[in-house]
Amino acid sequence: AQTVTQSQPEMSVQEAETVTLSCTYDTSESDYYLFWYKQPPSRQMILVIRQEAYKQQNATENRFSVNFQKAAKSFSLKISDSQLGDAAMYFCAYRSLQGGSEKLVFGKGTKLTVNP
Amino acid sequence: GAVVSQHPSWVICKSGTSVKIECRSLDFQATTMFWYRQFPKQSLMLMATSNEGSKATYEQGVEKDKFLINHASLTLSTLTVTSAHPEDSSFYICSARMSEKLFFGSGTQLSVL
């Protein structure tokens, strides 16, 4: 079974600075999706960014970018020019593409604090 | 982006009663929806996969007779917590797939007294 590990329970960053959240995963599959979701205090899960494993190019969405290292099974999220509204729980997630599975496996999350 | 509506946002009930939570995809059709449970300060745990027109697929350890799932249309899935007990108190979140993205409802906080 696939597992997702987020080794940083909490992180903090100064406003306007850059922060990187770590995520590693374990799988024997060659094709899959990886996601980062944000959960603010409202508890609404918001998709931040998505990466297809077959794509070598790292995904970017405005201030959010990933460093996808397939061989190392690493998928870190970089937030540039951090804003107060970025404060939230961040979850890394894995989705298999085999066997018709649509399950998302989540990591335990990283709580990001943004200091003014 | 796609919108998934979940109701109610919170519910308080007495032990032994049943509670129904609705999950609707407002602007797209979802043949598959997912129900998650989240304990305080923990991650989301998949409870079951809801398939339109067929039986739900439950994850190991989830009691299907206690957590009844119905997916009667392409835009609506319901989760009924039957004979609720205090240990069922939790945050329940649904999600629906559109293309390769999953969109989540706003969640339901269930408190069983």
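Right above here is the structure, for reference.
All figures in this text were calculated on a predicted structure; none of them were measured in a lab.

*Asks:* Could you clarify how one ought to interpret the overall build of chain A in this entry?
*Replies:* Across its full length, chain A carries zero helices and 12 strands. Walking chain A from its N terminus toward its C terminus, one meets helices and strands in the order β-β-β-β-β-β-β-β-β-β-β-β. In terms of C-alpha radius of gyration, chain A reaches 14 Å, essentially the compact-globule figure of 13 Å for 116 residues. Projected onto the principal axes, the alpha-carbon positions of chain A cover approximately 45 × 25 × 20 Å. The proportion of buried residues among the 116 residues of chain A is 47%. Taking contacts inside chain A between residues at least 6 apart in sequence as the whole, the part at least 24 apart equals 54%. In the structure as shown, chain A presents an accessible area of about 5800 Å², 45% of it carried by carbon and sulfur atoms. Positive and negative side-chain charges of chain A, numbering 12 and 11 respectively, have mean locations separated by a distance of 5 Å.

*Asks:* Which parts of the structure should I look at to understand the overall build of chain B?
*Replies:* In terms of regular secondary structure, chain B is built from zero helices and 11 strands. In chain B, the succession of helices and strands from N to C terminus is β-β-β-β-β-β-β-β-β-β-β. Since a compact globule built from 113 residues should have a radius of gyration of about 13 Å, the 13 Å found for chain B is in line with a globular shape. Relative to its 113 residues, chain B shows a buried fraction of 50%. Within chain B, residue pairs in contact and separated by at least 24 positions form 53% of the contacts whose partners lie at least 6 positions apart. Surface accessibility of chain B: about 5600 Å² in total, with carbon and sulfur atoms responsible for 53%. Between the mean site of the 10 positive side-chain charges and the mean site of the 9 negative ones, chain B shows a separation of 3 Å.

*Asks:* Whenever I open this one, the interface of chain B and chain A confuses me. Can you help?
*Replies:* Interfaces are often sized by the accessible area lost when the parts come together. The interface of chain B with chain A comprises 19 residues on the first partner and 18 residues on the second. Summed over both partners, the interface of chain B with chain A buries about 1700 Å², with 52% contributed by carbon and sulfur atoms. Summed over the three residues of chain B that lose the most area to chain A, namely Ser43(B), Glu100(B) and Phe104(B), the buried surface amounts to 31% of that side. Summed over the shared surface of chain B and chain A, the number is zero salt bridges. Counting across the chain B and chain A interface gives six residue pairs in polar contact (both at pLDDT 80 or more). For the side of chain B that touches chain A, the secondary-structure elements that each account for two or more residues are strand S4 (32–38), strand S5 (44–51), strand S9 (90–98) and strand S10 (101–104) of chain B. Along the lines of polarity and charge, the residues of the side of chain B that touches chain A split into eight nonpolar, seven polar and four charged.

*Asks:* Teacher, can you tell me more about the side chain of Ser5(B) here?
*Replies:* Residues and elements named next belong to chain B. With respect to the helices, strands and loops of the structure, Ser5 is situated in strand S1 (residues 4–7). Take Ser5: its relative accessible area is 16%, and that puts it in the buried class. Side-chain polar atoms of Ser5 contact the side chain of His7, separated by 3.0 Å. Ignoring sequence-local partners within four residues, the contact set of Ser5 consists of Glu22, Cys23, Arg24 and Leu26.

*Asks:* Looking at this structure, I do not really get the sheet that holds S1(B). What am I missing?
*Replies:* Strands in a sheet are paired, the pairing made by backbone hydrogen bonds, and the direction either parallel or antiparallel. Residues and elements named next belong to chain B. A sheet is described by the order of its strands in space; here four strands give the open sequence S1-S3-S8-S7, paired in antiparallel fashion. The outermost strands of the open sheet, each flanked by one partner alone, are S1 and strand S7 (67–73). Ignoring strand direction, the axes of neighbouring strands in this sheet form an average angle of 15°.

*Asks:* Just checking my understanding: could you explain the pattern of salt bridges for this structure?
*Replies:* Pairing is possible between side chains of opposite charge, provided their charged atoms come close. Residue and element names in this part refer to chain A. A full pass over the atoms with the stated rule returns six salt bridges over all chains. Glu52 is the salt-bridge partner of Arg50, the closest N and O atoms lying 3.3 Å from each other. Since its relative accessible area comes to 8%, Glu52 is described here as buried. Residue Lys55 is joined to Glu52 by a salt bridge in which the shortest nitrogen-to-oxygen separation is 3.9 Å.

*Asks:* Would you mind going over the environment of Val112(B) with me for this structure?
*Replies:* Residues and elements named next belong to chain B. With respect to the helices, strands and loops of the structure, Val112 is situated in strand S11 (residues 108–112). Accessibility expressed as a relative area gives 7% for Val112, which makes it buried. In this structure, the C-alpha to C-alpha distance between Val112 and Val19, residues 93 residues apart in sequence, is 9.8 Å. Other than its neighbours up to four places away in sequence, Val112 contacts Cys13, Lys14, Ser15, Ala84, His85, Pro86 and Ser89.

What counts and how
Residues numbered from 1 in each chain as written. Chains lettered and ligands numbered in written order. Predicted model: local features only at pLDDT ≥ 70, side-chain atom pairs only at ≥ 80, totals over all residues. Heavy atoms only, no water. Helix = DSSP H or I, 4+ residues; strand = E, 2+ residues; numbered from the N terminus. Rg over C-alpha atoms; globule rule 2.2 N^0.38 Å. Buried < 20%, exposed > 50% of the residue type's maximum accessible area, 1.4 Å probe, protein only. Contact = heavy atoms within 4.5 Å. Areas by Shrake-Rupley, 256 points an atom, 1.4 Å probe, with all protein chains shown as cover. Lys, Arg positive; Asp, Glu negative; His and termini not counted. Charge placed at Lys NZ, Arg CZ, Asp CG, Glu CD. Buried area = accessible area lost by both parts, 1.4 Å probe. Salt bridge = Lys/Arg side-chain N within 4 Å of Asp/Glu carboxyl O. Polar contact = N/O pair within 3.5 Å; in protein donor to acceptor, adjacent residues only side chain to side chain. Nonpolar A, V, L, I, M, F, W, Y, C, P; charged D, E, K, R; others polar. Pairing = 2+ DSSP bridges. Axes fitted to C-alpha atoms, helices over the stretch in contact; angles between N-to-C directions.

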